[in-house]
Protein chains: 2
Amino acid sequence: MSEPVDEFDWIARLLRPLTRGAPEAFDLLDDAALIPEIDEANQIVVTSDCLVEGVHFLASDRPDMVARKLLRVNLSDLAAKGAVPFGYLMTVAWPRDADWRRRQMFAKGLATDQGAFGLSLLGGDTVSTPGPWTLSATMMGRVDPGGMVRRGGGKPGDLLVVSGMIGDGWLGLKALQGEFTEPDSYLVRRYQLPEPRLGWRVALRHASAAADVSDGLLADAGHIATASGCGLEIELERLPLSPAAARWLERQEDQAGARIALATGGDDYEIVCAVAPQALEAFQAEVGAVPATVVGRLTEGEQTTRFQGEVVTPDRLGWSH
Amino acid sequence: MSEPVDEFDWIARLLRPLTRGAPEAFDLLDDAALIPEIDEANQIVVTSDCLVEGVHFLASDRPDMVARKLLRVNLSDLAAKGAVPFGYLMTVAWPRDADWRRRQMFAKGLATDQGAFGLSLLGGDTVSTPGPWTLSATMMGRVDPGGMVRRGGGKPGDLLVVSGMIGDGWLGLKALQGEFTEPDSYLVRRYQLPEPRLGWRVALRHASAAADVSDGLLADAGHIATASGCGLEIELERLPLSPAAARWLERQEDQAGARIALATGGDDYEIVCAVAPQALEAFQAEVGAVPATVVGRLTEGEQTTRFQGEVVTPDRLGWSH
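Residues numbered from 1 in each chain as written. Chains lettered and ligands numbered in written order. Predicted model: local features only at pLDDT ≥ 70, side-chain atom pairs only at ≥ 80, totals over all residues. Heavy atoms only, no water.

Labelled according to an unreviewed UniProt entry, chain A appears under the name Thiamine-monophosphate kinase, originating from Caulobacter ginsengisoli. Heading Function (unreviewed entry) of the UniProt record for chain A holds this comment: "Catalyzes the ATP-dependent phosphorylation of thiamine-monophosphate (TMP) to form thiamine-pyrophosphate (TPP), the active form of vitamin B1." A UniProt comment under Pathway (unreviewed entry) is attached to chain A, and it reads "Cofactor biosynthesis; thiamine diphosphate biosynthesis; thiamine diphosphate from thiamine phosphate: step 1/1." (UniProt positions renumbered as here; feature names shortened; annotations may be inferred.)

Asks: Quick one: what's the story with the overall build of chain A, residue by residue and with numbers?
Replies: Summing up its helical and strand segments, chain A has nine helices and 12 strands in all. Against the compact-globule benchmark of 20 Å for 321 residues, chain A has a radius of gyration of 19 Å, which places it among compact chains. By principal-axis analysis of the C-alpha atoms, chain A measures approximately 55 × 55 × 50 Å. Across the 321 residues in chain A, those meeting the buried criterion constitute 65%. (Helix = DSSP H or I, 4+ residues; strand = E, 2+ residues; numbered from the N terminus. Rg over C-alpha atoms; globule rule 2.2 N^0.38 Å. Buried < 20%, exposed > 50% of the residue type's maximum accessible area, 1.4 Å probe, protein only.)

Asks: Now, about the pattern of salt bridges: what can you tell me, with residues and values included?
Replies: All names here are of chain A. Summed over all chains, the structure comprises 38 salt bridges over all chains. Taking the shortest distance from any N to any O, the salt bridge between Asp64 and Arg62 comes out at 2.6 Å. By relative accessible area, which is 13% here, Asp64 ends up buried. For Glu270, the salt bridge is made with Arg197, and the minimal N-O distance between the two is 2.7 Å. (Salt bridge = Lys/Arg side-chain N within 4 Å of Asp/Glu carboxyl O.)

Asks: Could you give me a rundown of the interface of chain B and chain A, with the residues and numbers involved?
Replies: Facing the 70 residues of chain B at the interface are 70 residues of chain A. Summed over both partners, the interface of chain B with chain A comes to about 5800 Å²; 69% of that surface belongs to carbon and sulfur atoms. Contact with chain A buries area across many residues of chain B, yet Trp10, Leu18 and Trp100 of chain B alone supply 14% of it, more than any other trio. Seen at the junction of chain B and chain A, the total is two salt bridges. Between Glu7 of chain B and Arg103 of chain A there is a salt bridge, with its nearest N and O atoms 3.2 Å apart. Summed over the shared surface of chain B and chain A, the result is 20 residue pairs in polar contact (both at pLDDT 80 or more). (Contact = heavy atoms within 4.5 Å. Buried area = accessible area lost by both parts, 1.4 Å probe. Polar contact = N/O pair within 3.5 Å; in protein donor to acceptor, adjacent residues only side chain to side chain.)

Asks: Let's hear about the pairing of strand S6 (residues 159-163) of chain A: which residues, and what values?
Replies: Residue and element names in this part refer to chain A. The element S6 is extensively covered by neighbouring structure, given that five of its five residues are classed as buried. Here S6 shows no split at all, with Leu159, Val161 and Ser163 on one side and Leu160 and Val162 on the other all buried. Relative to strand S9 (residues 270-275), S6 runs antiparallel, the two being bridged by four bridges. Note that in S9 the partner of Leu160 across the bridge is Ala274. Two elements, S6 and strand S10 (residues 292-299), share five bridges in a ladder whose sense is antiparallel. Directly across from Val161, in S10, lies its bridge partner Val294. (Pairing = 2+ DSSP bridges.)

Asks: Which residues make up the side chain of Ser76 of chain B, and what are the values?
Replies: Along the chain, Ser76 of chain B turns up in helix H2 (residues 63-80). Setting aside chain neighbours within four positions, we find Ser76 of chain B in contact with Pro196, Asp212, Tyr269 and Glu270 of chain B.

Asks: I'd like a description of the nonpolar core, backed by residues and values.
Replies: Residues and elements named next belong to chain A. By size, the foremost hydrophobic cluster in this structure holds 61 residues, and its most contacted members are Phe106, Cys273 and Phe283. Of all the elements, helix H2 (residues 63-80) adds the most residues to this core, at nine residues. Formed jointly, this core draws a minimum of three residues from each of two domains, domain 1 (31-142) and domain 2 (159-312). Residues in contact with Phe283, not counting those within four places in the same chain, are Val161, Trp200, Ala203, Leu204, His206, Ala207, Cys273, Val275 and Ala292. (Core = buried A, V, L, I, M, F, W, Y, C linked by side-chain atoms within 4.5 Å. Domains from an automatic or database assignment.)

Asks: Account for the sheet that holds strand S2 (residues 44-52) of chain A, naming residues and giving values.
Replies: All names here are of chain A. Spatially, the five strands line up as an open sheet ordered S1-S2-S5-S3-S4, and their pairing is mixed. The outermost strands of the open sheet, each flanked by one partner alone, are strand S1 (33-34) and strand S4 (120-129). Both S2 and strand S5 (residues 134-142) contribute to a ladder of nine bridges, which runs antiparallel. What sits directly across from Leu51, in S5, is Leu135. Relative to the sheet, H2 contacts S2, strand S3 (84-95) and S5, its axis offset from that of S2 by approximately 140°. Strands in contact with helix H3 (residues 100-117) are S3, S4 and S5; relative to S3, the strand with the most contacts, it is inclined by about 170°. (Axes fitted to C-alpha atoms, helices over the stretch in contact; angles between N-to-C directions.)

Asks: Help me get a handle on the UniProt feature "binding site: ATP" (unreviewed entry) in chain A, residues and values and all.
Replies: All names here are of chain A. When the UniProt feature table is mapped onto this chain, "binding site: ATP" (unreviewed entry) is found at Gly124, Asp125, Arg151 and Ser214. A maximum C-alpha distance of 31.1 Å among these annotated residues, which run over 91 residues, shows that they spread across the structure rather than meeting at one spot. Structurally, Gly124 can be placed in strand S4. Beyond its immediate chain neighbours, meaning those up to four positions away, Ser214 contacts Asp220, Gly266, Asp267 and Tyr269. Within polar-contact distance, the side chain of Ser214 engages the side chain of Asp212 at 3.2 Å.

Asks: Lay out the packing of aromatic side chains with the relevant residues and their values.
Replies: Residue and element names in this part refer to chain B. Under the definition given, this model contains 16 aromatic pairs over all chains. A ring pair is formed by Trp200 and Phe283, whose centres lie 5.3 Å apart and whose planes are at 90°; its orientation type is edge-to-face. A residue pair is termed long-range when its members are at least 10 positions apart, and Trp200 in the loop between helix H5 (186-192) and strand S7 (209-213) and Phe283 in helix H9 (residues 280-284) qualify at 83 residues. Of the residues examined, Trp200 reaches a relative accessible area of 1% and is grouped as buried. (Phe/Tyr/Trp six-rings, centres within 6.5 Å; stacked < 30°, edge-to-face > 60°.)

Structure below.
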């Protein structure tokens, strides 16, 4: 069998059995795990994400931006779980030509975001590689006892609420790849420097379920629905779009297809969560400056995407690495 | 500046400042960190190690052996700290041609060693790479309050004791690379499948300092000496050698040079520790079946290596990746 392997399949069939004995791994269906063997007064949420040059960032990206992206993609997972991050371990495989200046810029980027997010480096490993620059971080954050917001826990009727703007990261990558020009580089910055929504921690106490949006909104909202044993309906005309994304959308002929692209492109690093209608007001009172947009709801049926009332069927739900 | 970067230099000058605020990172001078923000009754030791195909293992190595090596190099760090491992997160960057069978064998190797060492997979990330297979794991283990054995803590006069056999891993790599033939593959197995010395946990309560031997005995004993503010003397004729390593040594012309090679080759995954002379008996009563060999002592002087009474000066103290 040398056909391409589906990543979800290998996780479900080969890795999930390896979590037996650790309910804290949540069957690998969540954004993060809890550390076992600690009493409940000290709950710690932990997540590992990996970045590869040419896959998750471009060779032309500045090393300090890569460092900040490494921290931020991990922080985004913790943000979606309602955790307060405090530290991380990191492994870096450097290409043989990675000189002092590149490492210095990389460390400067780490320092910048450590300051911004209150983090300390705790340990890790540094090696050389004949291949592309490859980095991983294991990020830890505290939650109050029982305070981790899970992907499961949503109920039919809950509203699906998303933070910030959807599609900017995917468009930023396309702009970097030269598919269109963008005078002020807003979308490129959104791709290179995700904004983990840690400010939603208090609001998320009013949510029944939450996930980080990294694979694409449809995929990650689907993860909430699946983990919660629900269906969902998403209305594509409700997607929150930045002015730059709205301008790109205006130029597209197939409006439904373009909106599907924005909702499946990935690299958003927003939060999608399920909020019971009666909890929405309390939720919205705590979201602060980051917009909260209702894009659909959990149902008792299938996972359905609509545009102007019509059901549309995306080819794929999100970006599969 | 595009000259090669010294890994210790980049860790010391660029990464160490990033641990400020977290004394639990021990200035990146130890094998592992303690997780901050947990009360002392729940102390957890954490370490991350990374393996790259072509650097830390060979493309021809069986995927299940690579999986087990990934766990074992991390377990070896925890063993040297006196911790009881319980779980890990893992990131895997798969080459595009990594088919189902390869992943299946890899997962089987993880399962084998999870059973052997009482581990659960807790989470992680799986991505694709255009480069070599690259893996990292973040391993966690419990220690009793204050029970983590540090690299610092040794005193002049303490004996340097090493577990098991030194040089097998390095010789195994040479055998795999065809530099000599080895009929029974003992050395190759020692390279491919390190044996973390978790059984030394109780003995290490009698040690003043300890480190994992992965960079090479002289380098890692030197790390203990440096962290403890001591010098050291190592006597190369005392190196514990397996019968296979002894046979290789017999064939070498330069006996001092060959012993230096064994003591600097790395990939041993043994423990080196400092034990006060009056604690040696209690220490040795707890080491079980794994041999404990005194190879030298901490001093008030320099770091010195001797062979048959003469001071020898290695070109390098160990393997720098």
